[in-house]
Amino acid sequence: MAAMSAPSPIMEEEPLFPPVHAVHAKKSHKEPPPETSEAIFRRRMILLSFWAVAVFLGLPIWWKTTTVYRAQLPVGRMLEWGDGKVCKPTFPLRIAVEAPSLPVQESQHLIRTTQHALDDLNDFSAHHLRLLLSGPAQNASAVGATNSVPVSKITTPKDGESDKEDIALTIKLLLGESGTTPRSSLHPYKPTLDVYYSPNQIPSTSSTASPLANFIAAELQSLFNEEQATLAHLLASTASQPPQIKSISPEMADFLAKRKTRSFKYSPTYHLTFSLFTPTSTPSNWDIEGALETYLSPLLESLSSISNFTVDSQVQIYATLSPSISGPEFDEEKGVWTLKKEDLSGFVNAAEWPLSPSIGAGPTINFIIYVPSVEQSPLVIRENGGSSWLVPQWGGVQILNNPSTSTNTLSKEDLRPALQIFSTQLLSLLGLPSTPASLPLRLSTLSRIHSASLLFSASSTLGALARLTKTLPSIAIPDTVAHDVEMTMKYLQAACDGLKEGAFGKALENARNAEGSAERAFFERSMVGQVYFPDEHKVAVYLPLLGPVAVPLVMAVVKEFKLWRKSRRG
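Residues numbered from 1 in each chain as written. Predicted model: local features only at pLDDT ≥ 70, side-chain atom pairs only at ≥ 80, totals over all residues. Heavy atoms only, no water.

Sheet topology places strand 4 (residues 183-186) next to strand 5 (residues 192-197); four bridges connect them, and they run antiparallel. From the neighbouring strand, Ser184 faces strand 5, where its bridge partner is Val195. Counting the residues that bridge the hairpin from strand 4 to strand 5 gives five residues. (Pairing = 2+ DSSP bridges. Helix = DSSP H or I, 4+ residues; strand = E, 2+ residues; numbered from the N terminus.)

The structure is reproduced here in structure tokens:
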């Protein structure tokens, strides 16, 4: 019997792809345990602490260290000054009348009659003349005096100052023993007008008109006509005008415009430079100190109430003329060397002649004496035969032909003609009026013109500063600017009161101080440096610094908010 074999085991094939649950078992990972409430609270407190430090510590420090300091300014008041709403300048001139030969009653009646005639002639309400009787009856005989305004305490009177300094002109009524009457004579170096009259020309106390009164009124109106025109022209060029503006002829307006173009802008100090130039080696010396002391110092002393002056001198030998001019040319008919008029503007050889444009704080006024060589002497201007000319807003030039001395030194007498011409040119460059013929009257007129000009200029600067601070809110305003603004307004008020009171010396001083304070406030260095500081520059500086710090904090808040919202839903 055949033996039976054991059954063979059945072989099972492995599947080609593992079961799905095996894949899941291989890729699955253990979920972290749920976050406890204590951990969530701790994380949120840490985030909150970062934000608290940034908001309550970092932000105030950044704000404090980057905020531009702006002192408080009275912007409204400054704009009122700039618009001319605070001060309406007036110019009451006090005219003293001396009548030693007349009784007081007749003198007072003559003054009243003259005042009425003067008021009828005056067509400029801001500038008026007020007559008063000089002597013990002065206080009782003032005619048309305005109400008193308290004088500012900023400028105190100097020792020995009296009311006489506020008298613009003194009229002396004198009996005319010979010649026609009435007639007048103005003193060239005193503010005095002599009026000669006959006894029968004194008006009776019952009359309301008098030829003598009309004559005196016409003379006064003529004396101050140019001053009135200048002040009216100045007031008309400002934003605020007085109630009544004096009409100015086109010729007078053109004359005033030319004078303004020719003269220097007002300065408390001017520097005078006197230079001697010669194309040869002689002369190499001059007695300039003695000449200035004799011929110029009295004039500078008279001008000292308006401005101060410093003086220096220099000598330059072998000084060649400017190569830009074509001359000099010899005129055989006249036997002189001539310069063309068009060559005068290039006569000064600024490239080689040592002429400083400015020394010190004030502008420099140059006066040049040119001594031509013997071969080219005499040297004159072809068109008019003159030897001197004025350079607007620069100085004057004098060609000194044939000095009286043959030595190497120019004496004081040799320099006399040149310095006399320089004196006239200096007055022209300072803007001195051409009339009247009395130098003290012209100087007092210049003082009033400068007082008004400086008052308007300082007021305009205040208005410009106020508009600047409103336009640029990020500009710095230090305390020094606020102090200068406050002082400017005080000086302006004092100057305005001085003009109304007729105290023109104090008005000029206060107006000068106001102009200086206003200029210091407007051109403060810390302000000028930030005028053109754009906001885009701030963004470009702070964004790279604050961006890397702010982004993580903001993203952490966003993430925490999402987790909080998810927990609320789940």
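Quick look at the sheet that holds strand 14 (residues 395-399) now. Here five strands make up an open sheet; going across it, the order is 8-6-11-14-13 and the pairing mixed. If you trace the sheet from one side to the other, it starts and ends with strand 8 (308-317) and strand 13 (388-391), each paired once. Between one strand axis and the next, the sheet turns by 15 degrees as a mean value, whatever way the strands run. With seven bridges joining them, strand 6 (residues 269-278) and strand 11 (residues 364-370) adopt parallel strand pairing. Within the sheet, the bridge partner assigned to Ser275 lies in strand 11 and is Ile368. (Axes fitted to C-alpha atoms, helices over the stretch in contact; angles between N-to-C directions.)

Looking now at helix 12 (residues 439-471). Taking 1.5 Å of rise per residue, the 33 residues of helix 12 would be expected to cover 48 Å, and the 47 Å separating its terminal C-alpha atoms lies within 8% of that figure. The buried count for helix 12 comes to 24 of 33 residues, which makes it a mostly enclosed element. (Expected span 1.5 Å × (residues − 1). Buried < 20%, exposed > 50% of the residue type's maximum accessible area, 1.4 Å probe, protein only.)

Next up on the list: unusual backbone geometry. Here Thr181 and Pro182 are connected by a cis peptide whose omega angle stands at 0 degrees. The residue Pro182 is located in the loop between strand 3 (167-175) and strand 4 in this model. Geometrically, the link from Thr282 to Pro283 is a cis peptide bond, its omega value of -5 degrees lying close to zero. Along the chain, Pro283 turns up in the loop between strand 6 and strand 7 (285-286). One non-glycine residue, Tyr318, lies in positive phi territory at about 55 degrees.

Turning our attention to the state of the cysteines. Counted according to the given criterion, the structure contains one disulfide. Residue pairing for Cys87: its cysteine sulfur links by disulfide to Cys496, the two sulfurs lying 2.0 Å apart. One quick way to see it: the torsion about the S-S bond of Cys87 and Cys496 is about 95 degrees, and its sign makes the bridge right-handed. Residue Cys87 is located in the loop between helix 3 (75-82) and strand 1 (91-98), and its partner Cys496 is located in helix 13 (residues 479-501); the two are separated by 409 residues in the primary sequence. (Disulfide = S-S within 2.5 Å.)

Between its first and last C-alpha atoms helix 2 (residues 37-66) spans 42 Å; for 30 residues at 1.5 Å apiece the expected length is 44 Å, and the two agree. At Gly58, helix 2 is bent by approximately 35 degrees, the largest bend along its length, and proline Pro60 sits one to four residues beyond. (Bend = angle between axes of the 7 residues up to and from the residue.)

What follows is about the UniProt feature "transmembrane region" (unreviewed entry) in the protein. Annotation from UniProt places "transmembrane region" (unreviewed entry) at residues 45-63 and 539-558. For the annotated span residues 45-63, helix accounts for 100% and strand for 0% of the residues, and the straight-line distance between the end C-alpha atoms is 26 Å. The straight-line gap between the two end C-alpha atoms of residues 539-558 is 25 Å; of that span, 100% is helix and 0% is strand. (UniProt positions renumbered as here; feature names shortened; annotations may be inferred.)

So, about the pattern of salt bridges. Per the stated rule, a full pass over the model turns up 10 salt bridges. A salt bridge links Asp119 to Arg130; the nearest nitrogen and oxygen atoms lie 3.4 Å apart. Remark: Arg130 occurs in strand 2 (residues 127-133) and Asp119 occurs in helix 4 (residues 104-121); sequence separation between them is 11 residues. Judged by its relative accessible area of 37%, Asp119 is partly exposed. (Salt bridge = Lys/Arg side-chain N within 4 Å of Asp/Glu carboxyl O.)

So, on to the packing of aromatic side chains. The tally for this structure, following the rule as stated, stands at 14 aromatic pairs. An angle of 75 degrees between the planes, with centres 6.4 Å apart, marks the rings of Phe264 and Tyr270 as edge-to-face. In this structure an aromatic cluster arises from ring pairing among Phe277, Phe347, Trp353, Tyr370 and Trp389. The ring of Tyr196 has Arg183 sitting right over it, with the charged end atom 4.5 Å from the ring centre. Over the ring of Phe504 we find Arg448, and its NZ or CZ is 5.0 Å from the ring centre. (Phe/Tyr/Trp six-rings, centres within 6.5 Å; stacked < 30°, edge-to-face > 60°. Lys NZ or Arg CZ within 6 Å of the ring centre and 35° of its normal.)

Most of strand 5 is tucked away, with five of its six residues classed as buried. In terms of strand pairing, strand 3 meets strand 5 through six bridges, oriented parallel. Directly across from Leu174, in strand 5, lies its bridge partner Tyr196.

Turning next to the sheet that holds strand 2. The five strands are arranged 2-1-3-5-4 in an open sheet whose pairing can be described as mixed. Unpaired on one side and paired on the other, strand 2 and strand 4 mark the two borders of the sheet. Neighbour to neighbour, the strand axes of the sheet diverge by 25 degrees on average, direction disregarded. Across the sheet, helix 4 lies against strand 1, strand 2 and strand 3, angled at about 170 degrees from strand 2, the strand it touches most. (Contact = heavy atoms within 4.5 Å.)

A cluster of nonpolar side chains, Trp51, Val55, Phe56, Leu59, Val554, Val557 and Val558, forms an exposed patch at the surface whose accessible area comes to about 590 Å². Listing elements by their share of the nonpolar patch, those giving two or more residues are helix 2 and helix 16 (535-569). Per-element tally for the nonpolar patch: the top contributor is helix 2, with four residues. Tracing the backbone shows Val55 in helix 2. (Patch = residues over 30% accessible without salt bridge, like charges linked within 9 Å, V, L, I, M, F, W, Y side chains within 5 Å. Areas by Shrake-Rupley, 256 points an atom, 1.4 Å probe, with all protein chains shown as cover.)

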